[in-house]
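Residue-level structural notes
Letter by letter, the chains look like this.
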Amino acid sequence: MTEGNVALEPPVSLEALATLGEGHIAYVKQIRSEDVPSLFPQAPKIAPGLKLFALHAADGTPIMLTDSREAAVANAWSNELQAVSVH
């Protein structure tokens, strides 16, 4: 598609994003402890006001929760995943 002289790319579907990296990419995202119940319903109750780090599969599926970015990246590496950060 083009519009004027600018080539427009079609939007990327959720399915295409989920297959990005063919299961080899995960992302690390800083979250608040208040967000834990919605992402990790099986997690024990955590005090409010804490900064935590979640490791997610490329499709957004939560993989693990930790109190350090380094631990999340190490877990990704141990599962043969390339970790990227999301801000």
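Scroll up to find the structure.
Here is what the cut-offs are and how they apply
- Residues numbered from 1 in each chain as written.
- Predicted model: local features only at pLDDT ≥ 70, side-chain atom pairs only at ≥ 80, totals over all residues.
- Heavy atoms only, no water.
- Core = buried A, V, L, I, M, F, W, Y, C linked by side-chain atoms within 4.5 Å.
- Buried < 20%, exposed > 50% of the residue type's maximum accessible area, 1.4 Å probe, protein only.
- Helix = DSSP H or I, 4+ residues; strand = E, 2+ residues; numbered from the N terminus.
- Contact = heavy atoms within 4.5 Å.
- Polar contact = N/O pair within 3.5 Å; in protein donor to acceptor, adjacent residues only side chain to side chain.
- Pairing = 2+ DSSP bridges.
- Axes fitted to C-alpha atoms, helices over the stretch in contact; angles between N-to-C directions.

**Looking at the nonpolar core**
If you look at the biggest cluster of nonpolar residues, it comprises 10 residues: A26, V28, F53, L55, M64, A72, V73, A76, L81 and A83. Of all the elements, helix α3 (residues 69–78) adds the most residues to this core, at 3 residues. For V73, the contacting residues outside a window of four places in its chain are V28 and A83. Counting residues in each nonpolar core, the second largest holds 5 residues, with V36, F40, L52 and A54 among its members.

**Quick word on the environment of T61**
Tracing the backbone through its elements, the reader meets T61 in the loop between β4 (51–57) and β5 (62–66). Take T61: its relative accessible area is 40%, and that puts it in the partly exposed class. Along the primary structure T61 and A26 are separated by 35 residues, whereas in three dimensions their C-alpha atoms are 9.4 Å apart. Polar contacts involving the side chain of T61 include one to the side chain of D59, which spans 2.7 Å.

**Some thoughts on the pairing of β4**
Counted residue by residue, β4 has 5 buried out of 7 residues, so it is predominantly covered. Here 4 bridges tie β4 to β5, and the two strands are oriented antiparallel to one another. Along β5, the bridge assignment pairs A54 with L65. Taking the residues that link successive antiparallel strands as the turn, the β4-β5 hairpin has 4 residues, and the phi of G60 there is positive, at about 95 degrees.

**Examining the sheet that holds β5**
Strand order in the open sheet made by the 4 strands is β5-β4-β3-β6, with mixed pairing throughout. Edge strands, defined here as strands with exactly one partner in the open sheet, are β5 and β6 (82–86). Averaged over all adjacent pairs, the angle separating strand axes in this sheet is 30 degrees, with direction ignored. Where strand β3 (residues 25–32) meets β6, 5 bridges bridge the pair, whose relative direction is parallel. The partner of Y27 across the bridge, within β6, is V84. Relative to the sheet, α3 contacts β3, β4, β5 and β6, its axis offset from that of β5 by approximately 145 degrees.

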